[in-house]
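What follows is each chain in one-letter form.
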Amino acid sequence: MVKIPVRVVDWDDIVNWSSGISDKIKRDEYKVDVIIAIARGGLVPARLVADALGVLDVISIKVEHWVQTANKDVEAKIKFPYKLDLKGGNVLIVDDICDTGDSLEIAKKFVSDNFNPGAIRTSTMQYIESTARIKPDYYAATITDWAWFMYPWNYWEDEINLIRKLLDNGVKTDIEHAFKDNYGVEPPIPVKDVLEEMKRRNLLNF
Ligand code: ADE
């Protein structure tokens, strides 16, 4: 079993990092007309940044990550593409994290090609400098060593996936202990509740 470094992020971190983004934009005097949240990870930070900047127009595009099973590569794509006339307004794209940079890159190109924007700048709460090919224009925290960050809006999804991996690797008892051992953190949701939810979703096929 390959260990995965995991960090549990709480709501205070989200609020602080989102303020980090808006503070930098204020200092930079970038005038934002429209905020574009990358769904789903950018939805909550985008709303917080919009509040701090006084931006009323918040819209969203969904970036999907397709796992190409043949070569295990992940390809980013816009799900539900649409056209929009922003009449040259300045855009701020917001996401939770810049890990590879793929989401920001594809979002920026899509907005440029389809939304008739003025300037386009990008922002994320976190930027992983060891893995990202591009740097967001604004970010609040620099990460040196890659980890999987469990955001508070994603605890269920992440914990299900992480427990699934343990089960697939033969863990049968004391999942809490295996979780801590393999991921380095305590599971944020009680394991018994997650197992019950996995049963409800038909994800316990053994
Ligand atoms: N989405 C893409 N990369 C991520 C990471 N390292 N942690 C959490 N969410 C992510």
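Procedures and definitions
- Residues numbered from 1 in each chain as written.
- Predicted model: local features only at pLDDT ≥ 70, side-chain atom pairs only at ≥ 80, totals over all residues.
- Heavy atoms only, no water.
- Domains from an automatic or database assignment.
- Contact = heavy atoms within 4.5 Å.
- Buried area = accessible area lost by both parts, 1.4 Å probe.
- Salt bridge = Lys/Arg side-chain N within 4 Å of Asp/Glu carboxyl O.
- Polar contact = N/O pair within 3.5 Å; in protein donor to acceptor, adjacent residues only side chain to side chain.
- Helix = DSSP H or I, 4+ residues; strand = E, 2+ residues; numbered from the N terminus.
- Nonpolar A, V, L, I, M, F, W, Y, C, P; charged D, E, K, R; others polar.

**Some points on the domain arrangement of the protein chain**
Size of an interface, as often reported, equals the accessible area lost when the parts are brought together. Assigned domains within the protein chain: domain 1 (11-147) and domain 2 (152-200). Here the C-alpha centroids of domain 1 and domain 2 sit 29 Å apart. Listed per partner, the contact involves 8 residues of domain 1 and 4 residues of domain 2. Here domain 1 and domain 2 share an interface that buries about 460 Å² over both sides, 69% of which is from carbon and sulfur atoms. Three residues stand out in domain 1 for area buried against domain 2, namely Trp11, Ile14 and Arg40, and they jointly supply 70% of the buried area on that side. We note a salt bridge from glutamate 157 to arginine 40, for which the minimum N-O separation is 2.9 Å. Our count for the domain 1 to domain 2 interface comes out at 1 residue pair in polar contact (both at pLDDT 80 or more). Contributing elements (two or more residues each) for the side of domain 1 that touches domain 2: helix H1 (11-28) and helix H2 (43-53). Residues that form the side of domain 1 that touches domain 2 fall into these classes: 5 nonpolar, 1 polar and 2 charged.

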